[in-house]
2 protein chains.
Amino acid sequence: MSKGLPKRSEDYSLWYNELVKRADLAENSPVRGCMVIKPYGYSIWEKMQAQLDKMFKETGHSNAYFPLFIPKSYLSKEASHVEGFAKECAVVTHYRLKNSEDGKSVVVDPEAKLEEELIVRPTSETVIWSTYKNWIQSYRDLPLLVNQWANVVRWEMRTRLFLRTAEFLWQEGHTAHATKAEAMEETVKMMQVYAEFAEKYMALPVVRGVKSENERFAGAEDTYCIEAMMQDGKALQAGTSHFLGQNFAKAFDVKFATKEGGLEYVWGTSWGVSTRLMGALIMAHSDDNGLVLPPKLAPIQVVIIPIHKGDVELDRISEKAHEIMGKLREKGISVHFDHRDTHKPGWKFAEYELKGVPLRIAMGPRDLENNTVELARRDTLTKESVALGEVDIATYIADLLDEIQTSIYNKALNFREEMTTEANTWEEFQELLETKGGFISAHWDGTSETEEKIKELSKATIRCIPIDQKAEDGKCILSGNPSNGRVLFARAY
Amino acid sequence: MSKGLPKRSEDYSLWYNELVKRADLAENSPVRGCMVIKPYGYSIWEKMQAQLDKMFKETGHSNAYFPLFIPKSYLSKEASHVEGFAKECAVVTHYRLKNSEDGKSVVVDPEAKLEEELIVRPTSETVIWSTYKNWIQSYRDLPLLVNQWANVVRWEMRTRLFLRTAEFLWQEGHTAHATKAEAMEETVKMMQVYAEFAEKYMALPVVRGVKSENERFAGAEDTYCIEAMMQDGKALQAGTSHFLGQNFAKAFDVKFATKEGGLEYVWGTSWGVSTRLMGALIMAHSDDNGLVLPPKLAPIQVVIIPIHKGDVELDRISEKAHEIMGKLREKGISVHFDHRDTHKPGWKFAEYELKGVPLRIAMGPRDLENNTVELARRDTLTKESVALGEVDIATYIADLLDEIQTSIYNKALNFREEMTTEANTWEEFQELLETKGGFISAHWDGTSETEEKIKELSKATIRCIPIDQKAEDGKCILSGNPSNGRVLFARAY
């Protein structure tokens, strides 16, 4: 490592960008706004994918794959949908290049113009519902529970690695149901799946809530979301689940024969999480030394580093290390023995700290003599000496990994609780935003006008109306008009 | 099922198209040349992916992700590469739509024109090697062993589901090495990984070989391939592995400091298989009743169908079925109990035959009485009664699934051997092509001119020069010029 990371307290944004690059998670590509996800970063995403995919299948969903391209006219079929996405669509207009006249480069062949332009999917509701029209005839074809893992493109002007990129990876679930109640149940169920994933695997506490009309998905009747708190006091939307009503069914004429012999429009949902979760994971737990990964998503859970002079010592350490590795692997713990002679132990310690490996085992000659190892926790940066004769090392480490997982979650939860404050006046609200940030729980009169005014004045948006929010009479923080419950405001990513 | 499939003997091509659609594997999308992979088809692709991914990781590769878009100018940097791909590239020229003047549709916003057009990746060598330039400085950074699972687009004019589509899913490995020998070793290793996957998992025997210069990947110095034989006597290229020499390193100026202190260009490989493998799998084994899946890739390996009158009988069958399912699942066998009352047993039998489920268990009242089940093999369409008291049903079925896997492979191997013929004269060659098809092993003078002439006259191409081909003096089948070994010709997909 050439030098340390920038400090979070000095420049949180720079700290994040540098951490993403130095920990080999991702980097900017030659194409503006598109990222390269590097092998180490991708291996974390793969662990997220595997767990989410398992949860989707356990709740009855199957994967499928729909085309990357969407005919331009499809987008217009659902009025608010096109309104939401037309301004940021990559458009394919030609299908061939040809040599330039001087033969030195290639140019677009004007003769290879498409009859109808194609949009690179920003989301797939339109192409999927046009397909569902053929798949759904009768109540027997319902529910249809489909998910897709795919890349999507939204031409963002200001991009940041993982948080906002022109191309990103995600999953999008698209389901069709016979009744409104069933579609609503699915919408809420998938929000709960996301929340469970965030909390149990990412160690990231989230607020479950509903979006205000302004913040709804373009084409949805209701958007449920999970919202997380980052260390700089800004909120991050980590996943959304949309109740689409019959909007897309009507736009694409998807009807089904009911059991009773009628013909009705289908009810729909869609839900997604993306590589943005990587940004949330990084920003929620990491520190000035680098990444802090919850053990359940760490590609390497334990690293073993030998401290030795000469090959004879290395051989003896190696033997012991392999014995420990065997025991850990039997318990399904992923472990890496870094015996490279190109780098010194101190360099390696810093490297694995930067990469967020939850546990480090160091073994030197004195450890061999005493039959001990030095165990260091990444999250707390604490060390202990463990006597191998006195514990079953695999069980000890498995338990410790669980404890780390819980501890990281609790730390994030305590932080979020500290960072959630009630405001009862506009002055309080403004002061909190400037001095503390975080979630601000405040009364709102329920109108889009007030919401927009607040956003304009404070850059804070309504993150959600928490689903467990108690009814409470009060006055809107800005307009003073009556309100019957608090909502959560924050500045957000 | 409304009616049976077309017969292979009458119209192989129609049989294939209908089978793909009726077995719920894939269908054409509203976007010309792009397919929708349906849930059942995708679940087979997922099994392929999982196994290949495991094999890539076991051979030291990591996954990463590179951008969908490639700046147009990048394509021109490697001369033969642009030559090979420019004619079939989807081109993004704009990044925004706007409302039409009448407000009824959206049009491309002429003000949102990109400075440089972007190509939707047809393959990723250029964008990856431009990235490798930053990743590789020293011999310590090598080898770099990276794979990507992605979608790619090649604007094909004539498309067929799975076999040739404008967008397809694939994996592309891109590796960088310090020496020519190591890159060559990697190229051959990955061809062998593909061959092992095809033979052990797809039950598909393949010829391992090298392409002639004409058939090489655009930008490669050598292309290794695996070639399979379909039931209609046409060959199918199932995977390729390219030795890129230093071509892309030179095009993107990727040099590394050697151990000895020099500065040298890096050596490269790339290798890929795609959803085309689905086409190969379908065409190699299936019959006039539908799909035949090798057990190792079957999403459902065993289906249990109750044959009953009334609910009391169903309850008793159900109990037994769940007992069997429990035992099978303990052995990792995937099993589905289809107790729907909306369809009759005969309909279900035909449905699971169409979908290629390797084993069907039927249980009726007499089976309950006798403590037997009826077991039907999809591949041979044979049935037997199994006495549950006399065998351990899970072991019996696990063994039978292995036997089916081997049997499907052997059948395909025998067929390929029958369909591989030597030709020694041009007349023999032509007659074989017209009457029998298959692989024709014949002498060729090694020139591109002759190869092209043969293709023009016969529509047969050189599929490969098998790696185990013995040296043998002979005369070229067309030109009569001297040859020192046979090559494999065929008409191909």
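Counting of residues starts from 1 at the beginning of each chain's written sequence and follows it residue by residue. Labels are handed out in written order, letters beginning with A for the chains and numbers beginning with 1 for the ligands. Confidence filtering applies because this is a predicted model: local features only for residues at pLDDT of at least 70, side-chain atom pairs given and counted only at 80 or more, and all residues used for totals across whole chains, interfaces and linings. Excluding hydrogens and water, the side-chain figures rest on all heavy atoms present in the structure.

(A) Structural detail: the UniProt feature "domain: Aminoacyl-transfer RNA synthetases class-II family profile" (unreviewed entry) in chain A. UniProt positions are given in the numbering used here, feature names are shortened, and annotations may be inferred rather than shown by experiment. As annotated in UniProt, the feature "domain: Aminoacyl-transfer RNA synthetases class-II family profile" (unreviewed entry) corresponds to residues 39-294 of chain A in the numbering used here. Within the segment residues 39-294 of chain A, helix and strand shares are 30% and 32% respectively, and the terminal C-alpha atoms sit 18 Å apart. Segments assigned H or I by DSSP are reported as helices when at least four residues long, segments assigned E as strands when at least two residues long, and all are numbered from the N terminus.

(B) Molecular detail of unusual backbone geometry. Residue and element names in this part refer to chain A. Here the bond from Leu142 into Pro143 is cis, since omega is -5°, no more than 30 degrees from zero. Looking at the secondary structure, you find Pro143 in the loop between helix H5 (125-135) and strand S9 (144-153). A positive phi angle, near 55°, is found at Ala203, a position not held by glycine. Note that Ala203 resides in the loop between helix H6 (180-200) and strand S11 (207-210). With relative accessibility at 0%, the residue Ala203 sits in the buried group. A positive phi angle, close to 55°, is found at Asn371, a residue other than glycine. Buried, partly exposed and exposed residues are distinguished by accessible area as a fraction of the type maximum, computed with a 1.4 Å probe on protein chains only: under 20%, between the cut-offs, and over 50%, respectively.

(C) Structural detail: the pattern of salt bridges. Take a side-chain nitrogen of Lys or Arg and a carboxyl oxygen of Asp or Glu: if they are within 4 Å of each other, that pair is a salt bridge. Here the structure, examined in full by the defined rule, presents 56 salt bridges over all chains. For Lys355(A), the salt bridge identified is with Glu351(A), shortest N-O distance 3.4 Å. Residue class for Glu351(A) comes out buried when judged on its relative accessible area of 13%. We note a salt bridge from Glu434(B) to Arg491(B), for which the minimum N-O separation is 2.8 Å. Remark: Arg491(B) occurs in the segment after strand S26 (482-490) and Glu434(B) occurs in helix H13 (residues 426-435); sequence separation between them is 57 residues. Under the relative-accessibility criterion, Glu434(B) is labelled exposed at 58%. Within the structure, one salt-bridge network assembled from shared partners comprises Asp24(A), Glu27(A), Lys38(A), Glu351(A) and Lys355(A).

(D) Fine view of the pairing of strand S19 (residues 359-363) of chain A. Residue and element names in this part refer to chain A. With five of its five residues buried, S19 lies for the most part within the structure. Being paired, for any two strands, means DSSP has found at least two bridges between them. Of the strand pairs in this sheet, strand S17 (residues 302-306) and S19 are connected by five bridges, and their pairing is parallel. Across the sheet, the residue bridging to Ile304 is Ile361, located in S19. One ladder, built from four bridges, connects S19 with strand S20 (residues 372-377); its direction is antiparallel. Bridged to Leu359 within S20 is Arg377.

(E) Region of the structure containing the interface of chain A and chain B. Only heavy atoms enter the contact rule, under which two residues are in contact if any of them lie within 4.5 Å. Across the boundary between the two partners, chain A contributes 64 residues, which contact 64 residues of chain B. Between the two partners, chain A and chain B, sit two salt bridges. Taking the shortest distance from any N to any O, the salt bridge between Lys57(B) and Glu46(A) comes out at 3.0 Å. Of the residues belonging to the side of chain A that touches chain B, the class tally is 40 nonpolar, eleven polar and 13 charged. Examined bridge by bridge, strand S5 (residues 91-94) of chain A and strand S5 (residues 91-94) of chain B share three bridges and lie antiparallel to one another. Note that in S5(B) the partner of Val91(A) across the bridge is His94(B). Lys, Arg, Asp and Glu make up the charged group, whereas Ala, Val, Leu, Ile, Met, Phe, Trp, Tyr, Cys and Pro make up the nonpolar group; the residues left over, Gly among them, are polar.

(F) The arrangement of the packing of helix H9 (residues 310-330) of chain B against helix H12 (residues 393-418) of chain B in detail. Residue and element names in this part refer to chain B. Angles shown run from 0 to 180 degrees and are taken between the N-to-C directions of axes, each axis being a line fitted to C-alpha atoms and, for helices, limited to the stretch in contact. Contact geometry for H9 and H12: axes closest at 9 Å, N-to-C directions at 55°. Here H12 runs oblique to H9, going by the angle between their axes. Where H9 crosses over H12, the handedness of that crossing is right-handed. Taken together, the residues of H12 that come into contact with H9 (itself represented by Ile324, Lys327 and Leu328) are Ile393, Ala394 and Ile397. Along the lines of polarity and charge, the residues of the contact of H9 with H12 split into five nonpolar, no polar and one charged. Orientation categories follow fixed angle ranges, with anything under 35 degrees roughly parallel, anything over 145 roughly antiparallel, 65 to 115 roughly perpendicular, and all other angles oblique. By the definition used in this description, the sense in which the near helix is turned from the far one sets the handedness, with an anticlockwise turn below a right angle giving left-handed and a clockwise turn giving right-handed.

(G) Broad picture of the layout of surface pockets. Estimated volume of the second largest pocket: approximately 1900 Å³. Surrounding the second largest pocket, 44 residues form its lining, Asp24(B), Tyr40(B), Arg340(B), Glu351(B) and Lys355(B) being those nearest its centre. Those elements giving two or more residues to the lining of the second largest pocket turn out to be strand S3 (62-63), H5 and S9 of chain A together with helix H1 (12-22), helix H2 (39-58), strand S18 (335-337) and helix H10 (345-354) of chain B. The element contributing the most residues to the lining of the second largest pocket is H2(B), with five residues. For the lining of the second largest pocket, the per-class residue count stands at 15 nonpolar, 13 polar and 16 charged. A 1.4 Å probe that fits into a set of points on a 1 Å grid over the protein atoms alone but cannot get out defines a cavity; an open set with protein on both sides within 12 Å along at least five of seven lines defines a pocket, and lining residues are those with an atom within 4 Å of a point. Grid points are joined across faces, edges and corners, and a volume is the space filled by probe spheres set on the points.

(H) Quick peek at empty space enclosed by the protein. Residues and elements named next belong to chain B. The final tally for this structure, using the stated rule, is three cavities of 30 Å³ or more. Roughly 40 Å³ of volume is contained in the largest cavity. In this structure, the largest cavity is lined by Pro205, Met229, Gln231, Ala284, Ala412, Phe415 and Arg416. Class assignment of the residues belonging to the lining of the largest cavity gives a composition of five nonpolar, one polar and one charged.

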